[in-house]
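A closer look at the structure
Here is how the chains run, residue by residue.
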Amino acid sequence: MIFERLKSIIDEHFIYEGELTPDTRIIEDLGADSFDIPVLINALEDEFGITIVTDDVLKLKTLQDVIDVIQSKL
Amino acid sequence: MLDKILRETAKKNPDKIAIYFADQKIPYAQLDQEVDNLASALLKSGLEFQGRVGIILGNGPNFIRSYFAVLRAGGVAVLLNPASKGEEFKYYFEDSGIKHIITSVDTLPVITGILDQVPPIKQIIVAGGSNEGQYASLEDILSTNAPPVEIKISENDVATCLYTSGTTGKPKGALLTHKNFTFSVAGCVSRMEMVESDHCLCVIPLYHIFSLYVNAFSPIAVGASVTILEHFNPAVVLREIESKKITVFCAVPGMYIAMLQMLANQESDISSLRLCISGGAPLPREVYDAYLEKYNIVLIEGSGPTEAPTFIGGPKYHKLGSVGCPIEGVSIKIVDSNDREVPMGELGEVCIKGPNVMLGYQNQPEATAEVIIDGWFHTGDIGRIDEDGFVYLVDRKKDMILVGGLNVYPREVEECLYKHPDVYEAAVVGIPDKERGQIPKAFIVLKPGAKAEAKDFILFCRKYLSNYKCPREVAFVDSLPKTATGKIDKTQLK
């Protein structure tokens, strides 16, 4: 469920090749730059009703990392 | 002074055909006499020494006749695009102080439409048709038989006023002296190894500095021939190259691309070409490779802004991706934003110093002082020099895109896009972005039958470029806007 909701957010903000998986890398596979990260964080916070702090952001390399952070806040 | 190259060649080779145009074949002796006839007519109509004469003609022998006639009469040739609009002519006439005009019957209505809004014009000479005697006929003047015109001209007298593209603000008239030209022509002839047996094909408008040098001055200086086409048409170009055994051809990258498309669909023998120069815009690597691999033709890049004509490419002065090294007597340095020279190999603004640098901009001493500092002309081009003195141009300073504080050179992104098999032509510009300041946007002309989508090009670029350099938006267009000289006009894309 979390993954499906995450996928909707990713589809709205990023262009990528193939299918999204938990191993999808935010920078290398989604083409994110430093300005995309705050936009992504805002979208995640709005969707899941959570607050993501700087320390959490620094951990986000793959979608699995994003799922882990979301789950830790729910 | 510059007109002496014609006088001397006409003495040496009176019967050699100087110009082929449509069904005309004009020998050097005839051309030289016609120049005297026109120069005499200008003087009789009160052309003052260093008086400005507007030459508003398309490609053809009349352009060359008019240009040399103005020089011979001691005037200053102001070269204007005949497709300019009334308001544009108004600006040029007022700014340059034109008092005499040589134009065609096609352009005349636009000019006469603004005559009551500009300072009085002493004389209008019209080519190509009846104007009911209101203005002087160029054809009548050319068929007179005037004695040789010999006006004393010194090397520091102004020969030409050439307006820059003016993509920011109004175009500025670059004043080039006889010395600027005679120096650079010698360098051009040497670099191009131009000889009497050469035959050039002129498709770029002659009112552009690139065309003037390679299609007019250089062949005339050595007694070569030039075939002039009124307009660029790739099929016609290929036909002329084959039928006339053209040896030297110069074009902008867009023309070479169009010719490649044509060559893919029809056989043409272009083996007579010994020298092909690409100028006016960066040459995509893919185009260079295609000509080399398929036709064994090395496209050599040339450079030289209007303000400092610096032909720095040539057969023996060629490195892939470089525009060559400066001709003898011209120095180049690369500076940072504080005008300090950067270490070799580093990027910065390309600056030029030498006898080829203009006198200044007409009526714009402040603009002149901004670009010529201690004799160094600041080109506005970003580039680097290698250990052998070869210059590599990266992009125009003003076209650079600032993505979140990081520089992105559109050319780098365009080169990447050209690697994609579906891309026919591409241009990248910066567009505003809330978070980043600017982002790259790509405008792409697809090859016929191609079906790639925007997403495909973004993902393609990501394979080769850092994410911040990749286009964030892609638009497909049927064609890219071009200037009259064939350069992609990015101001229309922004």
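Residues numbered from 1 in each chain as written. Chains lettered and ligands numbered in written order. Predicted model: local features only at pLDDT ≥ 70, side-chain atom pairs only at ≥ 80, totals over all residues. Heavy atoms only, no water.

1. Points about the environment of Phe-232 of chain B
Residues and elements named next belong to chain B. Mapped onto the elements, Phe-232 comes out in the loop between β11 (225-228) and α9 (234-244). Between the C-alpha atoms of Phe-232 and Pro-205, which are 27 residues apart in sequence, the distance is 9.3 Å. In contact with Phe-232, other than residues within four places in its own chain, are Val-203, Val-237, Met-255, Ala-258 and Met-259. (Helix = DSSP H or I, 4+ residues; strand = E, 2+ residues; numbered from the N terminus. Contact = heavy atoms within 4.5 Å.)

2. Concerning the pattern of salt bridges
Taken as a whole, this structure holds 35 salt bridges over all chains when the rule is applied. Its salt-bridge partner being Lys-59 of chain A, residue Asp-56 of chain A comes within 3.8 Å of it at the nearest N-O pair. Residue Asp-56 of chain A and its partner Lys-59 of chain A are both found in helix α3 (residues 54-59); the two are separated by three residues, about one turn of the helix. Residue Arg-7 of chain B pairs with Asp-36 of chain B through a salt bridge whose shortest N-O separation is 2.7 Å. Here the residue Arg-7 of chain B occupies a position in helix α1 (residues 4-12), and Asp-36 of chain B occupies one in helix α2 (residues 28-44), the gap between them amounting to 29 residues. A relative accessible area of 10% means that Arg-7 of chain B is categorised as buried. (Salt bridge = Lys/Arg side-chain N within 4 Å of Asp/Glu carboxyl O. Buried < 20%, exposed > 50% of the residue type's maximum accessible area, 1.4 Å probe, protein only.)

3. Side note on the environment of Gln-30 of chain B
Checked against the element boundaries, Gln-30 of chain B lands in helix α2. For Gln-30 of chain B and Val-342 of chain B, which are 312 residues apart along the polypeptide, the C-alpha to C-alpha distance reads 52 Å.

4. Details of helix α10 (residues 253-265) of chain B
The terminal C-alpha atoms of α10 of chain B lie 19 Å apart, and with 13 residues this matches the ideal 18 Å at 1.5 Å per residue to within 8%. All of the buried residues along α10 of chain B are Pro-253, Met-255, Tyr-256, Ile-257, Ala-258, Met-259, Leu-260 and Leu-263 of chain B. (Expected span 1.5 Å × (residues − 1).)

5. Considering unusual backbone geometry
Residues and elements named next belong to chain B. In this structure, Ala-22 is a non-glycine residue whose phi angle is positive, near 50 degrees. On the secondary structure map, Ala-22 appears in the loop between β1 (17-21) and β2 (24-27). For Ala-22, a relative accessible area of 71% puts it in the exposed group. Look at Asn-363: it is not a glycine, yet its phi comes out positive at around 60 degrees. By the element assignment, Asn-363 lies in the loop between β17 (360-361) and α12 (365-371). On the accessibility criterion, Asn-363 (52% relative accessible area) is exposed.

6. Considerations on helix α14 (residues 454-464) of chain B
Within α14 of chain B, burial applies to Phe-457, Ile-458, Leu-459, Phe-460, Cys-461 and Arg-462 of chain B. The elements touched by buried residues of α14 of chain B are α13 (410-418), β23 (423-433), β24 (437-446) and β25 (473-476) of chain B.

7. Details of the sheet that holds β1 of chain B
All names here are of chain B. The strand order across the open sheet built from seven strands is β2-β1-β11-β10-β12-β13-β14, with neighbouring strands paired in mixed fashion. The sheet is open, and its two borders are formed by β2 and β14 (299-301), each paired with just one other strand. Taking the axes of each pair of neighbouring strands and ignoring which way they run, one obtains an average angle of 20 degrees across the sheet. Two elements, β1 and β2, share four bridges in a ladder whose sense is antiparallel. The residue bridging Phe-21 from the neighbouring strand is Gln-24, located in β2. Across the face of the sheet, helix α3 (residues 61-72) comes into contact with β1, β2 and β11 while running at roughly 25 degrees to β2. α9 contacts β1, β10 (199-202), β11 and β12 (248-251) of the sheet and is inclined by roughly 165 degrees relative to β10. (Pairing = 2+ DSSP bridges. Axes fitted to C-alpha atoms, helices over the stretch in contact; angles between N-to-C directions.)

8. Brief notes about empty space enclosed by the protein
All names here are of chain B. Tallied over the entire structure, the rule returns one cavity of 30 Å³ or more. Volume-wise, the largest cavity comes out at about 60 Å³. Around the largest cavity sit eleven residues that line it, and Ser-303, Val-350, Ile-352, Asp-381 and Leu-393 are the ones nearest its centre. Among the secondary structure elements, those contributing two or more residues to the lining of the largest cavity are β16 (348-353), β19 (376-385) and β20 (391-396). Partitioned by chemical class, the residues of the lining of the largest cavity number six nonpolar, four polar and one charged. (1 Å grid on protein atoms, 1.4 Å probe; cavity = no way out; pocket = protein on both sides within 12 Å on 5 of 7 lines; lining within 4 Å. Points joined across faces, edges and corners; volume = space filled by probe spheres on them. Nonpolar A, V, L, I, M, F, W, Y, C, P; charged D, E, K, R; others polar.)

9. Brief notes about the layout of surface pockets
All names here are of chain B. Computed from the structure, the second largest pocket encloses a volume of approximately 850 Å³. If you trace the second largest pocket, you find 41 residues lining it, with Gly-58, Asn-59, Pro-82, Glu-230 and His-231 closest to the centre. Where the lining of the second largest pocket is concerned, the elements lending two or more residues are α3, α6 (138-142), α10 and β23. In terms of residue count, the dominant contributor to the lining of the second largest pocket is α3 (four residues). Here the residues of the lining of the second largest pocket sort into 20 nonpolar, 14 polar and seven charged. Of the domains in this structure, domain 1 (4-153) and domain 2 (400-493) are the two that each give at least three residues to the lining of the second largest pocket. (Domains from an automatic or database assignment.)

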